[in-house]
Amino acid sequence: MVTVAVFASGAGSNFENIVLASQTENLGYTVALLIVDKERAFALERAKELKIPSYYINPRDFTTKLAMEKQIVSILQEYSIDYIVLAGYMRILSETLLKQYPNKIINIHPSYLPEFPGKNSIEEAFKTGVKQTGVTIHYVDSGIDTGEIISQERLTIDSSWSLNDLEKEIHFLEHRMYPQVLKKIFGEKDEKSSY
Ligand code: GRF
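Now for a description of the structure that goes with this document.

A closer look at the packing of helix H1 (residues 13–24) against helix H2 (residues 43–50)
Phase 1 of the analysis: Between H1 and H2, whose axes approach to 9 Å, the crossing angle comes to 20 degrees. Looking at the two axes, H1 sits roughly parallel to H2. Regarding H1 and H2, the two cross each other, and that crossing is right-handed. Along its contact with H1, which presents Ser 13, Phe 15, Glu 16, Val 19 and Leu 20, the element H2 presents Ala 43, Arg 46, Ala 47 and Leu 50.
Phase 2 of the analysis: In the contact of H1 with H2, the residues fall into six nonpolar, one polar and two charged.

Structure below.
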């Protein structure tokens, strides 16, 4: 069983979904920890409900990103975290975390990368008027949404949809994809380690 920490900055619907899915089906992972960088992140409320330990790490408490990430690493070690799962964490990770967790940090992005990287991807796809967008799950590297792609799915945008409808559909797709993709990653890891 892989022990996971989820990082979030906002609503935390993916965080909650990843936890609930792992409680109803054996997906090969358990979520031991939530890390947020925003005091008011609603993800914190969800963690309380789910009885998952959570930490708010205030970037302003640190003079450098290095110092902040060192603090995060020490918490991750305390909980014996194997993998980091980003779910709406709005911060670029630096070498400290990347070196500590090589190929063990996963992110979900609300577009079909390399289309619409960075922030506001759903809105940009909507405003650009493309007929299709999607969701991508990828490993994290030092770039912005540039790491190796693990899984992608297309979503066709219905011409009657509002931006709000598109956001809902993207989240629906994310919630369907993320637990199953994690299961696949951790399942393959288990198969290899059994030899
Ligand atoms: C998701 O759309 C994710 O792809 C993006 O941020 C959003 C987070 O939503 N990176 P939530 O906090 O999981 O509800």
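Side note on the side chain of Thr 133
Phase 1 of the analysis: By secondary structure assignment, the location of Thr 133 is in strand E6 (residues 132–139).
Phase 2 of the analysis: The class for Thr 133 is buried, based on a relative accessible area of 1%.
Phase 3 of the analysis: The residues touching Thr 133, leaving out its near neighbours within four places in the chain, are Pro 110, Ser 111, Tyr 112, Ala 125, Glu 153, Arg 154, Leu 155, Ile 157, Leu 166 and Ile 170.

Examining the site of the ligand
Phase 1 of the analysis: The environment of the ligand is formed by Ala 11, Gly 12, Ser 13, Asn 14, Gly 88, Ile 108, His 109, Pro 110, His 171 and Glu 174.
Phase 2 of the analysis: Measuring from an oxygen atom of the ligand, one finds a side-chain N or O atom of Ser 13 at 2.6 Å.
Phase 3 of the analysis: In the environment of the ligand, an oxygen atom lies 3.4 Å from a nitrogen or oxygen atom belonging to the side chain of His 171.
Phase 4 of the analysis: Residue assignment for the shell around the ligand shows that the elements contributing at least two residues are H1, strand E5 (105–109) and helix H6 (163–193).
Phase 5 of the analysis: Per-class residue counts for the shell around the ligand are three nonpolar, six polar and one charged.

A word on the sheet that holds E6
Phase 1 of the analysis: Taken in spatial order, the seven strands make up an open sheet running E3-E2-E1-E4-E5-E6-E7, and their pairing is mixed. Only two strands of the sheet have a single partner each, and these edge strands are strand E3 (54–56) and strand E7 (149–156). For this sheet the average axis-to-axis angle between neighbouring strands, irrespective of direction, equals 20 degrees.
Phase 2 of the analysis: Two elements, strand E4 (residues 83–86) and E5, share three bridges in a ladder whose sense is parallel.

Calculation criteria
- Residues numbered from 1 in each chain as written.
- Predicted model: local features only at pLDDT ≥ 70, side-chain atom pairs only at ≥ 80, totals over all residues.
- Heavy atoms only, no water.
- Axes fitted to C-alpha atoms, helices over the stretch in contact; angles between N-to-C directions.
- Helix = DSSP H or I, 4+ residues; strand = E, 2+ residues; numbered from the N terminus.
- Parallel < 35°, antiparallel > 145°, perpendicular 65-115°, else oblique.
- Left-handed = near helix turned anticlockwise from the far one by under 90°.
- Contact = heavy atoms within 4.5 Å.
- Nonpolar A, V, L, I, M, F, W, Y, C, P; charged D, E, K, R; others polar.
- Buried < 20%, exposed > 50% of the residue type's maximum accessible area, 1.4 Å probe, protein only.
- Near = heavy atom within 4 Å.
- Polar contact = N/O pair within 3.5 Å; in protein donor to acceptor, adjacent residues only side chain to side chain.
- Pairing = 2+ DSSP bridges.

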